[in-house]
2 protein chains.
Amino acid sequence: MGLAKSELFTNNQNEIAAFAKVFGHPARVSILQHLFKINRCICGDLVTVIGLAQPTISQHLRELKELQLIKGTIEGTSVCYCINHEKWKSMKNVLTNFLNMDVSNPLNCCGTDKKQNQ
Amino acid sequence: MGLAKSELFTNNQNEIAAFAKVFGHPARVSILQHLFKINRCICGDLVTVIGLAQPTISQHLRELKELQLIKGTIEGTSVCYCINHEKWKSMKNVLTNFLNMDVSNPLNCCGTDKKQNQ
DNA sequence: TTAATTAATCGTAATATTGCAATAGACAAA
DNA sequence: TTTGTCTATTGCAATATTACGATTAATTAA
């Protein structure tokens, strides 16, 4: 199918998945790291820095823009992209909450004497 | 192509993407939340709780197992799954480092007087 | 042994993702 | 206006993902 049955899940679960999904490609990770590093960037830079074709970079930028994690400002013929700090902060909250899940009893719940299925 | 050019990126970038990717589906988010909540789970439970078919759940469990975020122990005819806390902790480190990126100057790098490209 | 239970695997259909060449659109410079 | 520069969009090919019915494999119970 290729299509997640999102109606089976809570808004929070779908939101976590949506943010995680956009980080699920190293090019987008790399783009974000670059944007944080230089705090200003145009698309052409990224093509050189990353080594993917211009339409590919543009496509990855669009996915980041759709989640509002970055914003772009037109400057003449080029576009200046930068991190949307407010959105980044709220995304970080959502994901950090998920990553910080913990159990009352952190001991191994499965018997170590049993056969490990893997 | 559908295939990421992972050779263009650092090990760290690929690792971040791999972890994020596995969280990029709400079913896997839900499975992990359930495992944290009850600290012990058999596959059949998940099929009931989540509402996807058994082969689908099994497939999602395999992806989580491949990254060693969970482990399964055979108990009779069923399999007890639980969080691999050591791996969860190291994954959390990797992703938290990424999410905690910050810039020296958190001000908007793009002029607000310019046209917003979106 | 036979039957029942449980989870993994296989096979397949539908859809999504990745990547890029070609093109289009927007702007600046000449 | 024309030309050059930069980014977005379109269209497409290759591959990946999601989901599930059917089956298999492993174990337990009768």
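Residues numbered from 1 in each chain as written. Chains lettered and ligands numbered in written order. Predicted model: local features only at pLDDT ≥ 70, side-chain atom pairs only at ≥ 80, totals over all residues. Heavy atoms only, no water.

Summing up its helical and strand segments, chain A has 5 helices and 3 strands in all. When burial is assessed residue by residue, chain A has 45% of its 118 residues classed as buried. Summing over all exposed atoms, chain A offers an accessible surface of approximately 6,300 Å²; the carbon and sulfur share of this is 50%. (Helix = DSSP H or I, 4+ residues; strand = E, 2+ residues; numbered from the N terminus. Buried < 20%, exposed > 50% of the residue type's maximum accessible area, 1.4 Å probe, protein only. Areas by Shrake-Rupley, 256 points an atom, 1.4 Å probe, with all protein chains shown as cover.)

The subject of this paragraph is the state of the cysteines. All names here are of chain B. Applying the stated criterion across every chain, the model contains 0 disulfides over all chains. There is no disulfide at C43, and the cysteine sulfur nearest it, in C41, is 8.1 Å away. With a relative accessible area of 15%, C43 lands in the buried category. (Disulfide = S-S within 2.5 Å.)

The next thing to look at is the protein's contact with DNA strand C. If you check the shell around DNA strand C, you find 34 residues, and the closest are M1(A), M1(B), G2(B), Q54(B) and Y81(B). Residue K21(A) places a side-chain N or O atom 3.0 Å away from a phosphate oxygen belonging to DNA strand C. L3(B) places a polar main-chain atom, nitrogen or oxygen, 3.3 Å from a sugar or linking oxygen of DNA strand C. Of all the secondary structure elements, the ones that give two or more residues to the surface near DNA strand C are α4 (54-66) of chain A together with α3 (43-50), α4 (54-66) and β3 (78-83) of chain B. Here the surface near DNA strand C is built from residues that sort into 13 nonpolar, 14 polar and 7 charged. (Near = heavy atom within 4 Å. Polar contact = N/O pair within 3.5 Å; in protein donor to acceptor, adjacent residues only side chain to side chain. Nonpolar A, V, L, I, M, F, W, Y, C, P; charged D, E, K, R; others polar.)

As enumerated under the stated definition, the model contains 8 aromatic pairs over all chains in all. Relative to F98(B), the ring of F23(A) has its centre 5.2 Å away and its plane inclined at 80°; by these criteria the two rings are edge-to-face. Here F23(A) is found in the loop between α1 (11-22) and α2 (26-38), whereas its partner F98(B) is found in helix α5 (residues 85-99) on a different chain. Considered together, F23(A) and F98(B) belong to a single accessibility category, that of buried residues. Summarising the aromatic geometry, the rings of F36(A) and W88(A) are spaced 4.9 Å apart at their centres and angled 70° between planes, so their arrangement reads as edge-to-face. With F36(A) in helix α2 and W88(A) in helix α5 (residues 85-99), this pair connects stretches of sequence that are 52 residues apart. (Phe/Tyr/Trp six-rings, centres within 6.5 Å; stacked < 30°, edge-to-face > 60°.)

Bringing the sheet that holds β3(B) into the picture now. All names here are of chain B. On the basis of which strands lie adjacent, the open sheet formed by 3 strands has the order β1-β3-β2 and antiparallel pairing. The two strands at the open ends of the sheet, each matched to only one other strand, are β1 (41-42) and β2 (70-75). Of the pairings in the sheet, the one linking β2 to β3 comprises 6 bridges and is antiparallel in character. Along β3, the bridge assignment pairs I70 with I83. Lying on the sheet, helix α2 (residues 26-38) is in contact with β1, β2 and β3; it crosses β3 at an angle near 90°. (Pairing = 2+ DSSP bridges. Contact = heavy atoms within 4.5 Å. Axes fitted to C-alpha atoms, helices over the stretch in contact; angles between N-to-C directions.)

All right, on to the nonpolar core then. Within the largest apolar cluster, 66 residues are counted, with the highest numbers of intra-cluster contacts made by F23(A), W88(A), F23(B) and W88(B). Setting aside chain neighbours within four positions, we find W88(B) in contact with F98(A), L99(A), M101(A), F23(B), L32(B), F36(B), L69(B) and I83(B). (Core = buried A, V, L, I, M, F, W, Y, C linked by side-chain atoms within 4.5 Å.)

A word on the sheet that holds strand β2 (residues 70-75) of chain A. The strand order across the open sheet built from 3 strands is β1-β3-β2 (chain A), with neighbouring strands paired in antiparallel fashion. This sheet does not close on itself; its edge strands, each paired only once, are β1 (41-42) and β2 of chain A.

To continue, consider the environment of L64(A). Residues and elements named next belong to chain A. Tracing the backbone through its elements, the reader meets L64 in helix α4. L64 sits 42 residues away from V22 along the chain, and the two C-alpha atoms are 6.9 Å apart. Here L64 is in contact with V22, R28, I31, L32, L69 and I70, once residues within four sequence places are set aside.

Let us look at helix α1 (residues 11-22) of chain B. Between its first and last C-alpha atoms α1(B) spans 17 Å; for 12 residues at 1.5 Å apiece the expected length is 16 Å, and the two agree. The inward-facing, buried residues of α1(B) abut α1 and α2 of chain A together with α2, α4 and α5 of chain B. (Expected span 1.5 Å × (residues − 1).)

Turning next to the pairing of β3(B). Each regular strand carries side chains that alternate between the two faces of the sheet. All names here are of chain B. With 5 of its 6 residues buried, β3 lies for the most part within the structure. Across 2 bridges, the pairing between β1 and β3 is antiparallel. Pairing of I42 across the sheet is with C80, part of β3.

Across chain A, pLDDT averages 89, with 86% of residues at or above 70. The least confident element of chain A, judged by mean pLDDT, is β1(A) at 82; the most confident is α1(A) at 98. (pLDDT = per-residue confidence, 0-100.)

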